[in-house]
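# Structural overview
Listed below are the residues making up each chain.
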Amino acid sequence: MKEGKCPKCGSGNLDKGHIIGERIGFESDSECYFTGPMREFKVYVCLNCGFTEFYVDVKNQNK
């Protein structure tokens, strides 16, 4: 969706922002990504179908 089109419905009616929170994290089986005051997840939302994508800054991750 970073390119301006929803991969689910094809709409260009998108909004972008970020998750606001004191400490938010995602942990997979192989990596752990945490956000804090200086790190955040970028969020892209399709305003037509609700499809949402999250991106983390992998260069500044805490493991």
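Below you will find a few notes about this structure. (Residues numbered from 1 in each chain as written. Predicted model: local features only at pLDDT ≥ 70, side-chain atom pairs only at ≥ 80, totals over all residues. Heavy atoms only, no water.)

As enumerated under the stated definition, the model contains one aromatic pair in all. Of note, Lys2 hangs over the ring of Tyr55, and the distance from its end group to the ring centre comes to 4.0 Å. (Phe/Tyr/Trp six-rings, centres within 6.5 Å; stacked < 30°, edge-to-face > 60°. Lys NZ or Arg CZ within 6 Å of the ring centre and 35° of its normal.)

So, about the sheet that holds strand β4 (residues 41-46). Remark on secondary structure: sheet strands pair via backbone hydrogen bonds, oriented parallel or antiparallel. Ordered by their spatial adjacency, three strands build an open sheet running β1-β4-β5, and the pairing between neighbours is antiparallel. Each end of this open sheet is capped by a strand with a single partner; those strands are β1 (14-18) and β5 (52-56). In this sheet, adjacent strand axes meet at a mean angle of 20° when their direction is disregarded. In terms of strand pairing, β1 meets β4 through five bridges, oriented antiparallel. In the strand pairing of β4, Gly17 is matched with Val43. (Pairing = 2+ DSSP bridges. Helix = DSSP H or I, 4+ residues; strand = E, 2+ residues; numbered from the N terminus. Axes fitted to C-alpha atoms, helices over the stretch in contact; angles between N-to-C directions.)

What follows concerns the side chain of Glu53. With respect to the helices, strands and loops of the structure, Glu53 is situated in strand β5. Among buried Asp, Glu, Lys and Arg side chains, Glu53 stands out as unpaired, with Lys2 the closest opposite charge at 7.7 Å. In terms of polar contacts, Glu53 uses its side chain to reach the side chain of Tyr55, at 2.6 Å. Beyond its immediate stretch of four places on either side in the chain, Glu53 contacts Met1, Pro7, Lys42, Val43 and Tyr44. (Buried < 20%, exposed > 50% of the residue type's maximum accessible area, 1.4 Å probe, protein only. Lys, Arg positive; Asp, Glu negative; His and termini not counted. Salt bridge = Lys/Arg side-chain N within 4 Å of Asp/Glu carboxyl O. Polar contact = N/O pair within 3.5 Å; in protein donor to acceptor, adjacent residues only side chain to side chain. Contact = heavy atoms within 4.5 Å.)

Here we take up the side chain of Ser11. Here Ser11 shows up in the segment before β1. Of note is the side chain of Ser11, whose polar atom sits 2.8 Å from the backbone nitrogen of Asn13. If sequence neighbours within four positions are ignored, Ser11 has contacts with Gly4, Lys5, Cys6, Cys46 and Asn48.

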